[in-house]
Amino acid sequence: MSLIQQIAYHKWATLKVVQHLEQLPSSLYHQAIISVFPSINHTCEHMIKADEVWLSRLQDKEARTFSNSTPKILRENYEVVLNDLVTFIENEKTENRVITYKSFDGKTFSNTVEEIIQHIVNHGTYHRGNISAMLRQLNNRSVPTDYLYFLRR
């Protein structure tokens, strides 16, 4: 699967979940729950922050910060980040390109763009699964975001 295909899937699946959250009662977004994160909002905040941090590392820029107090605002902000990821992959020479960056604890690491994109996609899949489980615990349904559903759209 190409990098463009991976990021297109990540964008589709993430926005599908976020758009679904917009249709639910707003109280669910902030409702406390025992899970990986204490609420769906916290999970979404982590997801967009992680994608933005990885994008900033790929672009060698400072990460932007976003306020995502509602699913609508989250979707609007996520569209910016995901569109920027797509633009980066479409317009940059990425083949075998190595990115060197510092982790939050100051350690230096190097990975290829391909490895970072794979990480972004896997990370998103993991947390979209968290959100699905959280919604079920709150007696709501989620939406299917499996890769084959992306291919069938």
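For clarity, every value in this text was computed on a predicted model and none was experimentally measured.

Conventions adopted
Residues numbered from 1 in each chain as written. Predicted model: local features only at pLDDT ≥ 70, side-chain atom pairs only at ≥ 80, totals over all residues. Heavy atoms only, no water. Helix = DSSP H or I, 4+ residues; strand = E, 2+ residues; numbered from the N terminus. Core = buried A, V, L, I, M, F, W, Y, C linked by side-chain atoms within 4.5 Å. Buried < 20%, exposed > 50% of the residue type's maximum accessible area, 1.4 Å probe, protein only. Contact = heavy atoms within 4.5 Å. Pairing = 2+ DSSP bridges. Phe/Tyr/Trp six-rings, centres within 6.5 Å; stacked < 30°, edge-to-face > 60°. Lys NZ or Arg CZ within 6 Å of the ring centre and 35° of its normal. Expected span 1.5 Å × (residues − 1). Polar contact = N/O pair within 3.5 Å; in protein donor to acceptor, adjacent residues only side chain to side chain. Axes fitted to C-alpha atoms, helices over the stretch in contact; angles between N-to-C directions. Parallel < 35°, antiparallel > 145°, perpendicular 65-115°, else oblique. Left-handed = near helix turned anticlockwise from the far one by under 90°. Nonpolar A, V, L, I, M, F, W, Y, C, P; charged D, E, K, R; others polar.

Asks: Explain unusual backbone geometry to me, and be specific about the residues and the numbers.
Replies: Even without being glycine, Asp60 reaches a positive phi, approximately 55 degrees. Within the secondary structure, Asp60 sits in the loop between α3 (40-59) and α4 (71-91).

Asks: Can you break down the nonpolar core residue by residue, with the values?
Replies: Core analysis: the biggest nonpolar cluster contains 41 residues, and Leu21, Ile40, Tyr78 and Ile117 have the highest contact counts within it. In terms of residue count, helix α1 (residues 3-23) provides more of this core than any other element does, nine residues in total. If sequence neighbours within four positions are ignored, Leu21 has contacts with Tyr29, Ile40, Cys44, Pro71, Ile131 and Leu135.

Asks: I'd like a description of the pairing of strand β2 (residues 108-112), backed by residues and values.
Replies: The pairing of strand β1 (residues 98-102) with β2 spans five bridges and is classified as antiparallel. Across the sheet, residue Thr100 finds its bridge partner in β2, namely Ser110. Linking two consecutive strands that pair antiparallel, namely β1 and β2, is a turn of five residues; a positive phi of about 90 degrees is found at Gly106 within it.

Asks: Before we move on, can you summarise the packing of aromatic side chains with the specific residues and values?
Replies: Evaluated as defined, the whole model comprises seven aromatic pairs. Centroid distance Tyr9 to Tyr147: 5.3 Å. Interplanar angle 85 degrees. Geometry classified as edge-to-face. In this pair, Tyr9 is assigned in helix α1 and Tyr147 in helix α6 (residues 147-152), connecting sequence segments 138 residues apart. Residue Tyr147 is classed as partly exposed on the basis of its relative accessible area of 27%. Counting every residue linked through ring pairs, the aromatic cluster contains Tyr9, Trp12, Tyr147 and Phe150. Between the NZ or CZ atom of Arg57 and the centre of the ring of Trp54, over which it lies, the distance is 4.5 Å. It is Arg57 that lies over the ring of Phe104; its NZ or CZ is 5.5 Å from the centre.

Asks: Lay out helix α5 (residues 113-137) in plain terms, naming residues and giving numbers.
Replies: With 25 residues, α5 ought to run about 36 Å at 1.5 Å a step, and its terminal C-alpha atoms sit 36 Å apart, in line with that. Immediately downstream of α5, the backbone of Asn139 shows phi near 60 degrees, a positive value.

Asks: Quick one: what's the story with the environment of Asp105, residue by residue and with numbers?
Replies: Following the sequence through the fold, Asp105 ends up in the loop between β1 and β2. Note on Asp105: relative accessible area 55%, which makes it exposed. Polar contacts involving the side chain of Asp105 include one to the side chain of Ser103, which spans 2.3 Å. A polar side-chain atom of Asp105 sits 3.5 Å from the main-chain amide nitrogen of Lys107.

Asks: An account of the environment of Val36 is needed here, citing residue identities and associated values.
Replies: Its place among the elements puts Val36 in the loop between α2 (26-30) and α3. Classification of Val36 as partly exposed rests on a relative accessible area of 46%. The sequence separation of Val36 and Trp12 amounts to 24 residues, and the corresponding C-alpha distance is 23 Å. Residues within four places of Val36 in sequence aside, it is in contact with Tyr126, His127 and Asn130.

Asks: Let's hear about the packing of α4 against α5: which residues, and what values?
Replies: Their axes nearest at 13 Å, the elements α4 and α5 cross at an angle of 155 degrees. In terms of orientation, α4 and α5 fall into the roughly antiparallel class. When you trace α4 past α5, the crossing you get is left-handed. Contacts between α4 and α5 involve Leu85, Phe88 and Ile89 on the former and, on the latter, Val113, Ile117 and Ile120. Split into classes, the residues belonging to the contact of α4 with α5 amount to six nonpolar, no polar and no charged.

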